[in-house]
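Residues per chain, in single letters:
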Amino acid sequence: MQNSKCKICRRLGVKLFLKGERCLTSKCPMIKRPYPPGQKRKRRTRAPSEYAQQLREKQKLKNWYGLRERQFKKYILEVLDRRGREDAKSSLIKKLESRLDNVIFRLGLTGSRSQARQLVSHGHFRINSRKVNYPSYQVKKGDVIDISQSSFKKIFFKNLKMKLKKYQPPSWLKLNVEKLEGKVIGQPSLEETVPPAEISAIFEFYSR
C-alpha cells in the first residue's frame, strides 16, 4: 500500500522529503508516479482558484515541517501580529527552523523531521546538558544540542558517526561529529532555507 507520506507529496506535486533517505532514491513514488494519487496519468485540469493555490502553498509548508494545523496556524498568527515591525517571511522561517525537532534534523542526527520529533519525545536529546522532550522547543544562539548519555547505546545512534563524516549542516549550525553534538552559532535565514512554498500566499490564506 502506498505510504501516506508519499501520497502527500504526490497530491501537492512537490517532493517534501518526508521519508528521509528513501526520497533520494529511485524508489521515491514522486519519480515513478509524479501525479496525484487516484490518477493513472496526468490529466489536463483547469487552473486552480486563488483560494486553492493559497491552500496548496499552506499544505506544502505545513507538511514539510510535519506540523498539525493548530500548531502551524499559531506560528502564522504570531508572525502576522508582528507584521510591520519585522520581515514576516524571515520571521516565520526563523520560528519554524528553530524548533528542536527541525534543528536535530538539520544537524543530520536523524533522517527526517518526523523521526527527530519521535526521538525528542522519547527523551533522547539534551539542550545545554538538560533533557528536553518537546519537539517545539525554540533553540537560540549558543545552545548546545547533544544525545542523552543513556541513549548512546541505542541501535539507532551506533553508526551515526560514519553517516555524518561528510555531512554539512546549514551555516547557522555547527556539528561536532566525534561528540555527536551540535551548536547553534547563528540564525536561520530564508535565503538558505529555500522553503518549498510561496510564503506570501500562506499569509494571504490566513488573512481572509
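This one's a predicted model, so the numbers in the text were calculated from it and none came from an experiment.

Caption draft 1: How the structure looks around the overall build of the protein chain. Along its length, the protein chain carries 11 helices and five strands. Out of the 208 residues in the protein chain, the part that is buried amounts to 44%. Carbon and sulfur atoms make up 49% of the accessible area of the protein chain, which totals about 12600 Å².

Caption draft 2: Summary view of the packing of aromatic side chains. This model, assessed by the stated rule, comprises seven aromatic pairs. Ring centres of Y51 and F205 lie 5.5 Å apart, and the angle between their planes is 35°; this geometry places the pair in the tilted category. You can see Y51 sitting in helix α3 (residues 50–64) and its partner F205 sitting in helix α11 (residues 199–206), a full 154 residues away along the chain. A centroid spacing of 5.9 Å and a plane angle of 85° characterise the contact between F125 and F157, whose relative ring orientation is edge-to-face. Residue F125 is found in strand β1 (residues 125–127), and its partner F157 is found in helix α8 (residues 155–158); the two are separated by 32 residues along the sequence. With a relative accessible area of 0%, F125 lands in the buried category. By relative accessible area, F157 is classed as buried at 3%. Of the aromatic side chains, those joined through ring pairs into one cluster are Y51, F72, F205 and Y206.

Caption draft 3: Expanded view of helix α4 (residues 69–81). The first and last C-alpha atoms of α4 sit 18 Å apart over 13 residues, in line with the 18 Å expected at 1.5 Å per residue. Turning to α4, its buried residues number three or more, namely F72, Y75, I76, V79 and L80. When α4 is viewed along its axis, its buried side chains cluster within an angular range of 130° and face the same direction. Turned more than 90 degrees away from the buried face of α4 sit R70, K74 and D81, all of them exposed. For α4, the elements touching its buried residues are α3, α5 (88–97) and α11.

Rules and cut-offs
Residues numbered from 1 in each chain as written. Predicted model: local features only at pLDDT ≥ 70, side-chain atom pairs only at ≥ 80, totals over all residues. Heavy atoms only, no water. Helix = DSSP H or I, 4+ residues; strand = E, 2+ residues; numbered from the N terminus. Buried < 20%, exposed > 50% of the residue type's maximum accessible area, 1.4 Å probe, protein only. Areas by Shrake-Rupley, 256 points an atom, 1.4 Å probe, with all protein chains shown as cover. Phe/Tyr/Trp six-rings, centres within 6.5 Å; stacked < 30°, edge-to-face > 60°. Expected span 1.5 Å × (residues − 1). Arc of directions from axis to C-beta. Contact = heavy atoms within 4.5 Å.

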